[in-house]
Amino acid sequence: MAAIRVDELCKSYGSVRAVDGMDFRVERGELFGFLGPNGAGKTTTIRALTGQIAPDGGDVRVLGCDPTAEPIETRRRVGILPEQGSPPSFLTPREYLEFVGSVRDLEPEYVAERIDRWTDRLGFGGKLDTLHTDLSRGQQQKVMIAQAFLHEPDAVLIDEPLANLDPLVQEQVKRFLVAYAADDNAVFVSTHNIDVAESICTRVGIVADGRMVTERSLAKGGEDADADADADADPLLEVFLREVTDADARDLPSSAHDRIEGKAGDSERDPRLEATGR
Amino acid sequence: MSTDAHGNGDDDRSSNARLLFVALLREEWRLHTRLFGGWRFAFFPLVVAAVAVAGTVALLESGLADGTILLGVHVLAAGFGLYSGTAAFAGSDMLENVFGELSLLLGSAETLPLSRRRLLGLFLLKDGLFYAVVFVLPMAAAAVVLAPARTPAAIAAAVVGLWLSLSIAFAVGMTATVASIAVRTRGVPTWAIAAAVALVAVVVGVSGGSGTAVPYVRAVVVPLEAGPLAAVGIAAGTVLLAIAALVAYDPTYGRPTRTVGDRFAALSDRLPLESGTDALVAKTLLDLSRSSGGVWKPLVSATILFALVAALVGIVDAITGIEPAPGVFFGGVLGLSAFTTYNWLTQFDDLESYLVYPIAVEDVFRAKRTAFALVGAPTVLVPYLAAVVWFDATALDAVVGAVLLGGYGLYYYGLTVYVAGFDPNEFLFDAVRFGAFTVGVAVALVPALVVGFVVVPPSLASGAALAAAGLGFGIVGYVLSSRAGPRWERRYLTDR
């Protein structure tokens, strides 16, 4: 049984169809990259997957739960890192993680042990007793990552996991996500960053105009698992550009903009593009 | 025309200032229409004008002197200016401590080659203009009643005259706040600023109505009475003080990092509530106590309400010789502090932020109600006890008033939560919701006040009837607050 199953998901806001017949599956052990331009329906999909909104149609299952009918149980089972989420301004990281442990019915001793582990992993031990309002964005993001994994969920849904993190911590988080998925968990990552998706995901789906337009498997580390197939031999960026409509082009991810507009310069062209002669 | 190294001349700079000013005005309008009920916000000035006219008629009919009403309207404008001046906090972390995270054009000085000081000046100018038109101008409709004129031109002149006077009072208030913030950014501690303000208030207060300082203070607050020349002088002085405040303002000011011990676990353990709810309540209490102003904020709000009501009782007594039953009167009115207390309890979070946890929206509302009971009870009890002691209430009056206070407080709370959900501050600017809230308050409050004025001290029968009303409205409030969770959950699930 797929850890996450989405069939014909639809959601409109007034006359705008934010999600229009979305279909995909995420299996346990997969690190699934959810790619798409701004306004493609990514955040709406995540909200539907976690019972934060009621879809207009379609069927969604997360770890066997129907998020619309059982939102609390769904959110109890999964971990969520929301888009631009930030921890409560007037709690400290230690207090916030205790708060999360309490609403998730975790034992205080377990929470204390998890706090120690996450502060070691992400290096915010020195900030454990500082109010969030006085922490940098990056430090706040570390705390948000810790809360999403505090209860070691079987599935996590993450929106832009590496936002505001320094390169060192980015690498640590990327390695952790790969290892976490490999431990028979489902990791769903929504991101604009194609390089990140290529480097850590085992499979990616590209969405545009509220629909899944293509999916492809990637071997660990971004090596193309289906390189012998013509369509899949293209670098992910090329696939992305091909699938995303002109209407969405203005919202292309930053790395795509840079490459299209030649900001990085010829000498810094993506080696994978060089290799394919593109 | 002078130019700099990049060929940017004075014309470019003034053109940029114009562009920026227009963008700031547009932002202000969109902020209000987005936050406060969309197109319905356009009706808000009409509501203000209607309240100003109706209130003035009512006060005149009750025998209050023109000058007292004029003073009251100006004090309101100045008070609103004091509040609006807090915009000088915007873009710094100080405002976020009070109102949560903001993202305004004012913050663009961090990313664009714009002077933060100049941008703040334009921002405050825009605020002054916006509020002078959207809020102060409708208040000036009171002139139609205060200075009855026969010709349209005379009516227009009276309204414009009062508008200009109120606008100066508003600017005085706004400038006073900005100046206080400016000296704060220069390292002057908050307690010293508060002490200076208190000293001025005491000097003016001690000097009484015949003191030498009073006419000057009154002239500054009510420029219309001081004459055109003095009004121009006050306006010029206010502008000079505003410029001095902007010069003194240090845009680099930042509060030191705060480190605190773990209080969450101890607090949630002490709360005799089920697991999960105790965490939500503890979080709300910590948010309140650690934000600027601390746990005193709700008490200050309730005390302001108490002072206004006490002054009103004095005025009514002076005019009519009738003094209401203090327990009933203060019990009924002080319950209104439920609105401000709830507002403070929801100021530092939003409902969406809870939806990443296994918590129902209903649970969040229930936890807020518990926090409201914990914070609201002592907040309102202090001024109530002061009132019954000060005005020498009978035992029956005090008991009935206490029942009214508890019941009505819960009713006003339930009404607020049901009508406004998690955004009580915003719905005040939504004419339809504000109207519903006002009617809901009046239904409970007006009969209680009438009885409080007519039967002094309350008889056993009237006391029993009022206590029953208090209990009844309390039950209604409890039901409303219980239904608020499912009602707003449905809205969040379908509208987001």
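Keep in mind it's a predicted model, so treat the numbers as computed, not measured. (Residues numbered from 1 in each chain as written. Chains lettered and ligands numbered in written order. Predicted model: local features only at pLDDT ≥ 70, side-chain atom pairs only at ≥ 80, totals over all residues. Heavy atoms only, no water.)

Caption draft 1: Representation of the overall build of chain A. Looking only at helices and strands, one finds eleven helices and nine strands in chain A. Within chain A, counting contacts between residues at least 6 apart in sequence, those at least 24 apart form 65% of the total. Looking at chain A as shown, the accessible area adds up to about 11,400 Å², and 45% of this sits on carbon and sulfur atoms. (Helix = DSSP H or I, 4+ residues; strand = E, 2+ residues; numbered from the N terminus. Contact = heavy atoms within 4.5 Å. Areas by Shrake-Rupley, 256 points an atom, 1.4 Å probe, with all protein chains shown as cover.)

Caption draft 2: Seen up close, the side chain of Ser-291 of chain B. Among the secondary structure elements, Ser-291 of chain B is positioned in the loop between helix H13 (277-290) and helix H14 (296-320). Within the local environment of Ser-291 of chain B, its side chain forms a polar contact with the backbone oxygen of Asp-287 of chain B, the two atoms lying 3.0 Å apart. (Polar contact = N/O pair within 3.5 Å; in protein donor to acceptor, adjacent residues only side chain to side chain.)

Caption draft 3: Molecular detail of the environment of Thr-341 of chain B. Residues and elements named next belong to chain B. Structurally, Thr-341 is set in helix H16 (residues 337-345). For Thr-341, a relative accessible area of 1% gives the class buried. Once you skip the residues sitting within four places of it in the chain, Thr-341 turns out to touch Pro-298, Phe-372, Val-375, Gly-376 and Thr-379. (Buried < 20%, exposed > 50% of the residue type's maximum accessible area, 1.4 Å probe, protein only.)

Caption draft 4: Spatial organisation of the pattern of salt bridges. Throughout the structure, instances matching the rule amount to 25 salt bridges over all chains. As a salt-bridge pair, Asp-154 of chain A and Arg-28 of chain A come within 3.2 Å of each other at their nearest N and O atoms. Note that Asp-154 of chain A is positioned in the loop between helix H5 (137-149) and strand E6 (155-159) and Arg-28 of chain A in the loop between strand E2 (16-26) and strand E3 (31-35), a separation of 126 residues in sequence. Judged by its relative accessible area of 33%, Asp-154 of chain A falls in the partly exposed class. Assessed through its relative accessible area of 37%, Arg-28 of chain A is described here as partly exposed. Of the charged contacts, one joins Arg-366 of chain B and Glu-362 of chain B as a salt bridge, the two residues approaching to 3.9 Å between their closest N and O atoms. Remark: Glu-362 of chain B and Arg-366 of chain B occur in helix H17 (residues 361-390); sequence separation between them is four residues, near one turn of the helix. Accessibility expressed as a relative area gives 35% for Arg-366 of chain B, which makes it partly exposed. When salt bridges with common partners are traced through the structure, they connect Arg-5, Asp-7, Arg-25, Asp-59, Arg-61 and Asp-66 of chain A into a single cluster. (Salt bridge = Lys/Arg side-chain N within 4 Å of Asp/Glu carboxyl O.)

Caption draft 5: Representation of the pairing of strand E8 (residues 203-208) of chain A in the model. Residue and element names in this part refer to chain A. Counting buried positions along E8 gives six out of six residues, so the element sits mostly inside the fold. Taken together, the four bridges between E3 and E8 define a ladder with parallel strand orientation. Within E8, the residue paired with Phe-34 across the bridge is Gly-205. Sheet analysis places E8 next to strand E9 (residues 211-217), joined by six bridges and oriented antiparallel. Within the sheet, the bridge partner assigned to Gly-205 lies in E9 and is Glu-215. (Pairing = 2+ DSSP bridges.)

Caption draft 6: Highlighting the interface of chain B and chain A. On the chain A side, the residues contacting the 37 residues of chain B number 33 residues. Roughly 3,100 Å² of surface becomes buried between chain B and chain A when both sides are summed, with 55% attributable to carbon and sulfur atoms. Counting the contacts that link chain B with chain A gives two salt bridges. Of the charged contacts in the structure, one is a salt bridge between Glu-95 of chain A and Arg-290 of chain B, with a shortest N-O distance of 2.5 Å. Here chain B and chain A share twelve residue pairs in polar contact (both at pLDDT 80 or more) between them. Mapped by element, the contributors of at least two residues to the side of chain B that touches chain A are helix H4 (93-99), helix H12 (264-270), H13 and helix H21 (460-495) of chain B. When residues of the side of chain B that touches chain A are assigned to their parent elements, the largest contribution, seven residues, is made by H13 of chain B. (Buried area = accessible area lost by both parts, 1.4 Å probe.)

Caption draft 7: Structural context of helix H4 (residues 108-122) of chain A. All names here are of chain A. Taking 1.5 Å of rise per residue, the 15 residues of H4 would be expected to cover 21 Å, and the 21 Å separating its terminal C-alpha atoms lies within 8% of that figure. Within H4, burial applies to Val-111, Arg-114, Ile-115, Trp-118, Thr-119 and Leu-122. The buried residues of H4 occupy one face: seen down the axis, they fall within an arc of 135°. Projecting away from the buried face of H4 at angles above 90 degrees are the exposed residues Glu-109 and Asp-120. (Expected span 1.5 Å × (residues − 1). Arc of directions from axis to C-beta.)

Caption draft 8: Representation of the sheet that holds E2 of chain A within the structure. Residue and element names in this part refer to chain A. Sheet architecture is open: three strands sit in the order E2-E1-E4, paired in antiparallel fashion. Where the open sheet ends on each side, the last strands, each with one partner, are E2 and strand E4 (57-62). Along the sheet, successive strands turn relative to each other by an average axial angle of 25°, direction set aside. Pairing geometry for strand E1 (residues 4-13) and E2, over eight bridges, is antiparallel. Bridge assignment links Leu-9 to a residue of E2, and that residue is Met-22. (Axes fitted to C-alpha atoms, helices over the stretch in contact; angles between N-to-C directions.)

Caption draft 9: Representation of the packing of helix H2 (residues 44-61) of chain B against helix H5 (residues 116-139) of chain B within the structure. Residue and element names in this part refer to chain B. For the pair H2 and H5, interaxial distance at closest approach is 7 Å and the crossing angle is 20°. Considering the angle they form, H2 stands roughly parallel to H5. Seen from above, H2 lies across H5 with right-handed handedness. The residues of H5 that touch H2, namely those facing Phe-44, Pro-45, Val-48, Ala-49 and Ala-52, are Val-134, Phe-135, Pro-138 and Met-139. (Parallel < 35°, antiparallel > 145°, perpendicular 65-115°, else oblique. Left-handed = near helix turned anticlockwise from the far one by under 90°.)

Caption draft 10: Focus on the sheet that holds strand E5 (residues 78-81) of chain A. Residues and elements named next belong to chain A. Strands sit in the order E5-E6-E7-E3-E8-E9 across an open sheet of six strands; the sheet is mixed. Only two strands of the sheet have a single partner each, and these edge strands are E5 and E9. The sheet shows a mean angle of 15° between the axes of neighbouring strands, direction not considered. Most of the contacts of helix H1 (residues 42-49) go to strand E7 (residues 186-191), to which it runs at about 150°, and overall it touches E3, E6, E7 and E8.

Caption draft 11: Local environment of the nonpolar core. Formed by 144 residues in total, the largest nonpolar core has its most connected members in Phe-24, Phe-99, Phe-149 and Phe-188 of chain A together with Phe-330 of chain B. It is H17 of chain B that provides the largest number of residues to this core, a total of eleven residues. Setting aside residues no more than four positions away along its own chain, Phe-24 of chain A makes contact with Ile-4, Arg-5, Val-6, Phe-32, Phe-34, Thr-45, Leu-49, Phe-188, Met-212 and Glu-215 of chain A. Core analysis: the second largest hydrophobic core is formed by 46 residues, Phe-44, Leu-64, Leu-119 and Val-222 of chain B among them. (Core = buried A, V, L, I, M, F, W, Y, C linked by side-chain atoms within 4.5 Å.)

Caption draft 12: Local environment of the confidence of the model for chain B. Residues and elements named next belong to chain B. In the predicted model, chain B carries a mean pLDDT of 83, and 87% of its residues have values of at least 70. Confidence scores differ between elements of chain B, with H4 showing the lowest mean pLDDT of 47 and helix H18 (residues 395-420) the highest of 94. With pLDDT under 50 throughout, residues 91-95 is counted as low confidence; its partners more than four residues away or in other chains account for 13 contacts. Predicted complex metrics record ipTM = 0.76 and pTM = 0.73. (pLDDT = per-residue confidence, 0-100.)

Caption draft 13: Layout of the environment of Ala-58 of chain B. Residues and elements named next belong to chain B. Within the fold, Ala-58 resides in helix H2. Given a relative accessible area of 45%, Ala-58 falls into the partly exposed group. For the pair formed by Ala-58 and Ala-242, sequence separation is 184 residues and the distance between their alpha carbons is 37 Å.

Caption draft 14: Fine view of the pairing of E6 of chain A. Residues and elements named next belong to chain A. With five of its five residues buried, E6 lies for the most part within the structure. Residues of E6 alternate between two faces, with Ala-155, Leu-157 and Asp-159 on one and Val-156 and Ile-158 on the opposite face, all of them buried. The pairing of E5 with E6 spans four bridges and is parallel. Across the sheet, Val-78 pairs through a bridge with Ala-155, a residue of E6. In this sheet, E7 lies alongside E6 in parallel orientation, the contact comprising five bridges. Across the sheet, residue Ala-155 finds its bridge partner in E7, namely Ala-186. Handedness of the β-α-β unit built from E6, helix H6 (residues 167-182) and E7 comes out right-handed. (Right-handed = clockwise from strand over helix to strand, strands pointing away.)

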